[in-house]
Amino acid sequence: MDSDGDCGSDAGAEWVWVRRPPEAEAVAAAAGWPAAAGDEEARPLKVVFASPARYFTDAAPIGNGRLGAMVWGGVESERLQLNHDTLWTGGPGNYTNPKAPAVLSKVRSLVDNGKYPEATAAAYDLSGDQTQVYQPLGDIDLIFGKHIKHTNYKRELDLHTATVNVAYTVGDVVYSREHFSSNSHQVIATKISANKPGNVSFSVSLTTPLDHKIRITDANEIIMEGSCPGERPHNNASDHPIGIKFCAILYLQTNGANSRVEVLKDKMLKLDGADSVVLLLAAATSFEGPFVKPSRSKLHPMASAFTTLGVARSMSYSQLKAYHMDDYQSLFQRVSLQLSRGSNYQLGENRLGQSAQAGSQDATVSDYAFRIADCTRSAVLNDSVKPTVDRIISFKDNEDPSLVELLFQFGRYLLISCSRPGTQISNLQGIWSNDPSPPWDAAPHPNINLQMNYWPALSCNLSECQEPLFDFIGSLSVNGAKTAKVNYEAGGWVSHQVTDLWAKTSPDAGDPVWALWPMGGPWLATHLWEHYSFTLDKQFLEKTAYPLLEGSASFLLDWLIEGHREYLETNPSTSPEHYFIAPDGKKACVNYSTTMDMSIIREVFSAVVLAADILGKSDTNVVQRIKKALPNLPPVKVARDGTIMEWAQDFQDPEVHHRHVSHLFGLYPGHTMSLEQTPDLCKAVANSLYKRGDEGPGWSTSWKMALWAHLHNSGHAYKMILQLITLVDPKHEVSREGGLYSNLFTAHPPFQIDANFGVVQNVEPQFASHSAPFL
């Protein structure tokens, strides 16, 4: 591994290849190079498991953007945990607070007088309601029997085909299951088969933690209808409003002359003696948009689900799979990443012993790691691909570049699987959640997490997957215009630190250290300009991006005030989720003109000016106001210790290893700092990163990875990859920060999907740009 610093000569380096397959093959052929693409495409991209899942984060995810499932892969019983992207509690809210202007005036006065703890206390009255909560759809439960003695178990998620396959042997019968979630036909499809006829038998049911009823219409169809809570769980609302309704229909298509299906207890189907069975699951909800109350929705989930199912039922399983593969691979196969010519997939017994010994001394790798790695190890050690958990454990000692390739492509797979045109945005867990009260409500957090979910969309050639984000920003602009006008007496539109299905734009409830942060909308708006910069789609710029950017800039222009200092100010201002020590020795979070505020404002203003020039709108009032404001924004400052100053004053930091690195936004994902243009500031960025330290949640690790890469410090960027590729025990996950679960989901902990996307954005440019050996 290289030491910290720029990559040097590439003499003796292994080659790095990032390409669109047809382009690379054409270049290779024109140059007369040996054909390497075939070797690369033959390299497996599989997340492999040697045993059934014991925890949610051992299961394998599938999804079509809207309908997701986690495949547990049990032998005696199987569980497909289901999600739908529009299943949330609540309905449209009132995101305004008429009392806020008076509170705002009070807070500003306290800040102007240096009374930051008092301003922090007063700012609680600017908070709004909590977000609503993402809900699970339920489960498909399959029961095959008890005490089944099996051998040769294997479960794998194949990223090339977006299928999960489970196989095992009972006696002389080989059983197999294949699962995928079809975007083309909006169903989850499962095929269960055996290599000898008449051996497929099981019972199947649908369950859900939500309010529901189940009925069976005939011998091969289960219908589950229900609804989400009309308010947050544990909310004692007296009117009990109507929540989003849903319907899921499971259809069985049996094959075999002697197969029999019977109904058990009016809620379960029991199948005996089939050769094979295909299960199709269709689901729909009454969600009609973020501005329509569930009680007024005109959508009929059952009718929609039956329509979807009817189309899928008219096709054979092989046809459904062919459409699924064609749709998925049209996106996935756009990018390949090869970091080495070959990979050492095999672990010798000696290496394995060393890993186990190291693990026993490391609290982050518990017995859990070796229990699931040891399951049927003899059956898989000789396979071409080891269980992924083995590869994670051994990575410290055997830095296998193919695992980084797999992690890169797994992130692309997840984005394709949870964000498609017409669906909702990827939330804090994508579309994979099994808890009616998920961590942080699984709500999108636009103070880094939502943005990170879409970092790889452009650089990894998945721009269509960003469309839900742009639709969502449009919804935020509608609600955010009301919040801006009422709460802040400002024009344009605003959104804060957390949001939900209903495009909530008001501050969150509670502590202003996280709630009082009106830069969520402006940060999201920068994605619009990034999209244009990559695509040069002028129609998108004119029709979609510019109106939203201009609206965000209009709010910022009104939010900036002429304070008692020499520059325009934001007041109140916070640095996300981070306190400081005020001059009187007390903790506070509310002050003025944090570095992140000004960095985001510069990004938005610059984007509007550039876009206006392209569109011939440079003479508008908004653009002229921006040009006047830009020179009067406070510059980024360097603190006494040589770091980037996070707040407008050089306050004492009570938590120097804080997880957020908000004050470094200007280097990445912003563009106002660079080694070429601002070397002194970049030196201060490096000092800030050293001061913050490397430890932190998965998303923090990925952000630091990006910052080190933009400082051209590939050694330290790779160090962050090493830190991320550390196994997390879900039974003791709170004992560490960051890391990977056995299914490659990233950990905050608990599971949070943002780092899966953050690492994708950083692996590709880091290795491609340096053309260096695997570090």
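Placed above this text is the structure.
Rules used in this analysis
- Residues numbered from 1 in each chain as written.
- Predicted model: local features only at pLDDT ≥ 70, side-chain atom pairs only at ≥ 80, totals over all residues.
- Heavy atoms only, no water.
- Helix = DSSP H or I, 4+ residues; strand = E, 2+ residues; numbered from the N terminus.
- Buried < 20%, exposed > 50% of the residue type's maximum accessible area, 1.4 Å probe, protein only.
- Contact = heavy atoms within 4.5 Å.
- Areas by Shrake-Rupley, 256 points an atom, 1.4 Å probe, with all protein chains shown as cover.
- Phe/Tyr/Trp six-rings, centres within 6.5 Å; stacked < 30°, edge-to-face > 60°.
- Lys NZ or Arg CZ within 6 Å of the ring centre and 35° of its normal.
- 1 Å grid on protein atoms, 1.4 Å probe; cavity = no way out; pocket = protein on both sides within 12 Å on 5 of 7 lines; lining within 4 Å.
- Points joined across faces, edges and corners; volume = space filled by probe spheres on them.
- Nonpolar A, V, L, I, M, F, W, Y, C, P; charged D, E, K, R; others polar.
- Salt bridge = Lys/Arg side-chain N within 4 Å of Asp/Glu carboxyl O.
- Pairing = 2+ DSSP bridges.
- Axes fitted to C-alpha atoms, helices over the stretch in contact; angles between N-to-C directions.
- Lys, Arg positive; Asp, Glu negative; His and termini not counted.
- Polar contact = N/O pair within 3.5 Å; in protein donor to acceptor, adjacent residues only side chain to side chain.
- Core = buried A, V, L, I, M, F, W, Y, C linked by side-chain atoms within 4.5 Å.
- Parallel < 35°, antiparallel > 145°, perpendicular 65-115°, else oblique.
- Left-handed = near helix turned anticlockwise from the far one by under 90°.
- Expected span 1.5 Å × (residues − 1).

### Overview of the overall build of the protein chain
Looking only at helices and strands, the protein chain has 23 helices and 22 strands in total. Counting every position in the protein chain, which comprises 775 residues, the buried fraction comes to 61%. For the protein chain, the proportion of contacts with a sequence separation of at least 24, taken over those separated by at least 6, is 71%. Approximately 28800 Å² of the protein chain is accessible, and the part contributed by carbon and sulfur atoms is 49%.

### Considerations on the environment of Val-261
Examined against the element boundaries, Val-261 turns out to sit in strand S15 (residues 260–264). Val-261 sits in the partly exposed class, given a relative accessible area of 26%. Measuring from C-alpha to C-alpha, the distance between Val-261 and Ala-274 comes to 9.3 Å, with 13 residues separating the pair along the chain. Every residue in contact with Val-261, bar those within four places of it in the chain, is listed here: Ala-219, Thr-254, Leu-269, Lys-270 and Leu-271.

### Side note on the packing of aromatic side chains
Enumeration according to the criterion identifies 28 aromatic pairs in this entry. With a centroid separation of 6.5 Å and 15° between ring planes, the pair formed by Tyr-153 and Tyr-168 is classed as stacked. With Tyr-153 in strand S7 (residues 151–158) and Tyr-168 in strand S8 (residues 163–170), this residue pair connects regions lying 15 residues apart in the sequence. Aromatic rings pair up to connect Phe-56, Tyr-328, Phe-332, Phe-410, Tyr-413, Trp-432, Phe-745 and Phe-751 into one cluster. Here Arg-313 stacks its cationic end above the ring of Tyr-251, 3.9 Å away from the centre of that ring. Over the ring of Phe-332 we find Arg-412, and its NZ or CZ is 5.3 Å from the ring centre.

### A closer look at empty space enclosed by the protein
In this approach a probe as big as a water molecule rolls over the atoms, and the regions it shows empty are the leftover space. Here the structure, examined in full by the defined rule, presents 4 cavities of 30 Å³ or more. If you add up the space inside the second largest cavity, you get close to 90 Å³. In terms of lining, the second largest cavity is formed by Asp-85, Trp-88, Tyr-134, Gln-424, Ile-425, Asn-427, Gly-430, Ile-431, Pro-444, Phe-472, Asp-500 and Leu-501. Of the residues assigned to the lining of the second largest cavity, the class counts are 7 nonpolar, 3 polar and 2 charged.

### Describing the pattern of salt bridges
By the definition in use, this model includes 20 salt bridges. Measuring nitrogen to oxygen at the nearest pair gives 3.0 Å for the salt bridge that ties Arg-692 to Glu-646. Of this pair, Arg-692 sits in helix H20 (residues 679–692) while Glu-646 sits in the loop between helix H19 (621–629) and H20, and the two are 46 residues apart along the sequence. Each member of the pair Arg-692 and Glu-646 is classed as buried. Several salt bridges converge on common partners, so that one network encompasses Lys-46, Lys-154 and Glu-156.

### Overview of unusual backbone geometry
Residue Pro-669 follows Tyr-668 across a cis peptide bond; omega there is 10°. Topologically, Pro-669 is positioned in the loop between H19 and H20. With omega at -10°, the peptide bond leading from His-748 into Pro-749 counts as cis. For Lys-265, which is not a glycine, the phi torsion comes out positive at approximately 55°. Residue class for Lys-265 comes out exposed when judged on its relative accessible area of 80%. Its identity is not glycine, yet Ala-503 carries a phi of approximately 55°, on the positive side.

### Considering the sheet that holds S8
The strand order across the open sheet formed by 9 strands is S2-S7-S8-S9-S10-S17-S14-S13-S12, and the pairing between neighbours is antiparallel. Edge positions in the sheet fall to strand S2 (46–49) and strand S12 (211–218), since each of these pairs with one other strand and no more. Shown here is a sheet whose adjacent strand axes are inclined to one another by a mean of 15°, direction ignored. Here S7 runs beside S8; their pairing, made up of 6 bridges, is antiparallel. In the sheet register, Thr-151 faces S8, and the bridge partner there is Thr-169. Helix-sheet contacts for helix H6 (residues 317–332) involve S8, strand S9 (173–182), strand S10 (187–194) and strand S17 (276–285), and the interaxial angle to S9 is about 50°.

### Considering the environment of Ile-416
Position of Ile-416 among the secondary structure elements: in helix H11 (residues 401–418). Sequence separation between Ile-416 and Gln-466 is 50 residues; the distance between their C-alpha atoms is 9.9 Å. Those residues within four positions of Ile-416 in sequence are excluded, and the remaining contacts are Gly-65, Tyr-328, Leu-331, Phe-332, Leu-462 and Cys-465.

### Notes on the side chain of Arg-108
With respect to the secondary-structure elements, Arg-108 resides in helix H3 (residues 100–112). Glu-489 provides the closest opposite charge to the buried, salt-bridge-free Arg-108, at an N-O distance of 7.3 Å. Excluding its chain neighbours within four sequence positions, the residues that come into contact with Arg-108 are Trp-559, Ile-561, Asn-571 and Pro-572.

### Some points on the side chain of Thr-190
Within the secondary structure, Thr-190 sits in strand S10. Separated by 2.8 Å, the side chains of Thr-190 and His-179 make a polar contact. If we ignore the near neighbours within four places in the chain, the residues touching Thr-190 are Leu-80, Glu-178, His-179, Val-277, Val-278, Leu-279 and Tyr-317.

### Focus on the sheet that holds strand S6 (residues 138–143)
The strand order across the open sheet built from 7 strands is S3-S4-S5-S6-S11-S16-S15, with neighbouring strands paired in antiparallel fashion. If you trace the sheet from one side to the other, it starts and ends with strand S3 (60–63) and S15, each paired once. Between one strand and the next, the sheet's axes are offset by a mean angle of 20°, whatever the strand orientation. In the sheet, S3 pairs with strand S4 (residues 67–71) via 4 bridges, with the strands oriented antiparallel. Bridge pairing in S4 places Gly-63 opposite Gly-68.

### Topic: the nonpolar core
Formed by 208 residues in total, the largest nonpolar core has its most connected members in Phe-202, Leu-281, Tyr-413, Phe-605 and Trp-703. If we skip the residues at most four places from it in the chain, Tyr-413 touches Pro-61, Ile-62, Gly-63, Leu-157, Leu-159, Ala-162, Tyr-328 and Phe-332. With 17 residues, the next largest nonpolar core counts Val-187, Ala-189, Ala-282 and Ala-312 among its residues.

### Focus on the packing of H20 against helix H21 (residues 698–710)
At a closest axis distance of 10 Å, the pairing of H20 and H21 adopts a crossing angle of 150°. With respect to H21, the element H20 is oriented roughly antiparallel. The way H20 lies across H21 gives a crossing that is left-handed. Mapping the contact onto sequence places Ala-686, Leu-689 and Tyr-690 in H20 and Lys-704, Leu-707 and Trp-708 in H21. Taken together, the residues that form the contact of H20 with H21 break down as 5 nonpolar, no polar and 1 charged.

### With respect to the packing of helix H16 (residues 520–535) against helix H18 (residues 595–615)
One can describe the packing of H16 onto H18 by two numbers: an axis separation of 9 Å at closest approach and a directional angle of 40°. Handedness of the H16/H18 crossing: left-handed. Residues Pro-522, Trp-523, Thr-526, Trp-529 and Tyr-532 of H16 pack against Met-596, Ile-600, Glu-603, Val-604, Ala-607, Leu-610, Ala-611 and Ile-614 of H18.

### Structural notes on H16
Between the first and last C-alpha of H16 there are 24 Å, a value that for 16 residues agrees with the 22 Å anticipated at 1.5 Å per step. Most of H16 is tucked away, with 12 of its 16 residues classed as buried. Turning to H16, its buried residues number three or more, namely Gly-520, Gly-521, Pro-522, Trp-523, Leu-524, Ala-525, Thr-526, His-527, Leu-528, Trp-529, His-531 and Tyr-532. The positive-phi residue at the C-terminal boundary of H16 is Leu-536, with phi of around 55°.

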